[in-house]
Amino acid sequence: MSEHIMTGRADWPEELMTAAVLYRRTEQARYRADGFEERMRQRLAADPGLNREVRAAWAGVERDILDRFRSMIPKTKADRDKGPKVFEVHHEIAVGKECFLLWLDETGSAAEAAAFTRGRLALTGDPAEFYAKAGLLEQETGPEPV
């Protein structure tokens, strides 16, 4: 399986793909460290209000992910094999959940976690801008003054 799946897109320039892969590796390390997953389970179980808020926010992100993949399905039956594969959809949802929970842990806000995750998955915004903010790409500053 190629690393572009849900770290970036096959049509992205190499520099952007490299930034996406580096970001994903960092994200995976943070998610797997220090009992993060169990700590988040306990936090959500202890606060039913936050749990409801998180579920609602995540449902919106998941819907956006699925909508993107639905839009990628070719319209003709003959081309259906050229559309997204099931494992790609599941993988992006898994990556999105990890990103969402990491940002929720950092900010405490389900709405901020949802917005960040949409940017991370390039559902909204410019992915180059996202990775530049993460310090993995140089941001273009526009033309030099004359």
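Predicted model only: the values in this text are computed from it and were never measured.

Criteria and cut-off values
- Residues numbered from 1 in each chain as written.
- Predicted model: local features only at pLDDT ≥ 70, side-chain atom pairs only at ≥ 80, totals over all residues.
- Heavy atoms only, no water.
- Helix = DSSP H or I, 4+ residues; strand = E, 2+ residues; numbered from the N terminus.
- Buried < 20%, exposed > 50% of the residue type's maximum accessible area, 1.4 Å probe, protein only.
- Contact = heavy atoms within 4.5 Å.
- Expected span 1.5 Å × (residues − 1).
- Salt bridge = Lys/Arg side-chain N within 4 Å of Asp/Glu carboxyl O.
- Arc of directions from axis to C-beta.
- pLDDT = per-residue confidence, 0-100.

## Observations regarding the overall build of the protein chain
- In terms of helices and strands, the protein chain carries six helices and zero strands.
- Order of helices (α) and strands (β) in the protein chain, N terminus to C terminus: α-α-α-α-α-α.
- For the protein chain, the residues scored as buried account for 39% of the 146 residues in total.
- Taking contacts inside the protein chain between residues at least 6 apart in sequence as the whole, the part at least 24 apart equals 65%.

## Focus: helix α3 (residues 48-71)
- Between its first and last C-alpha atoms α3 spans 35 Å; for 24 residues at 1.5 Å apiece the expected length is 34 Å, and the two agree.
- Turning to α3, its buried residues number three or more, namely Leu50, Asn51, Val54, Ala57, Trp58, Gly60, Val61, Ile65, Arg68 and Phe69.
- As for α3, its buried residues are in contact with α2 (36-46), α4 (86-107) and α5 (110-120).

## Side note on the pattern of salt bridges
- Tallied over the full model, the rule gives 13 salt bridges.
- Note that Glu98 and Arg24 form a salt bridge whose closest N and O atoms lie 2.9 Å from each other. Placement of the pair is Glu98 in helix α4 and Arg24 in helix α1 (residues 14-32), with a sequence separation of 74 residues. With respect to class, Glu98 is no different from Arg24; both count as buried.
- For Glu27, the salt bridge goes to Arg120, with nearest N and O atoms at 3.0 Å. With Glu27 in helix α1 and Arg120 in helix α5, the pair connects residues that are 93 residues apart, well separated along the chain.
- The exposure class assigned to Glu27 is buried, which follows from its relative accessible area of 2%.
- Since its relative accessible area comes to 2%, Arg120 is described here as buried.
- Here the salt bridges share partners, and the residues they tie into one network are Arg24, Glu27, Glu98 and Arg120.

## Here's the deal with α2
- Three or more residues of α2 are buried, namely Phe36, Met40 and Leu44. Buried residues along α2 cover an arc of 65 degrees about the axis, so they all sit on one side. Facing away from the buried surface of α2 by more than 90 degrees, the exposed residues are Ala45 and Ala46.
- Those residues of α2 that are buried are in contact with α1, α3 and α4.

## Section: the confidence of the model for the protein chain
- Taken over all residues, the pLDDT of the protein chain has a mean of 89, while the share at 70 or more is 89%.
- Every residue in residues 1-6 is under pLDDT 50, and counting partners more than four places away or in other chains gives 15 contacts.

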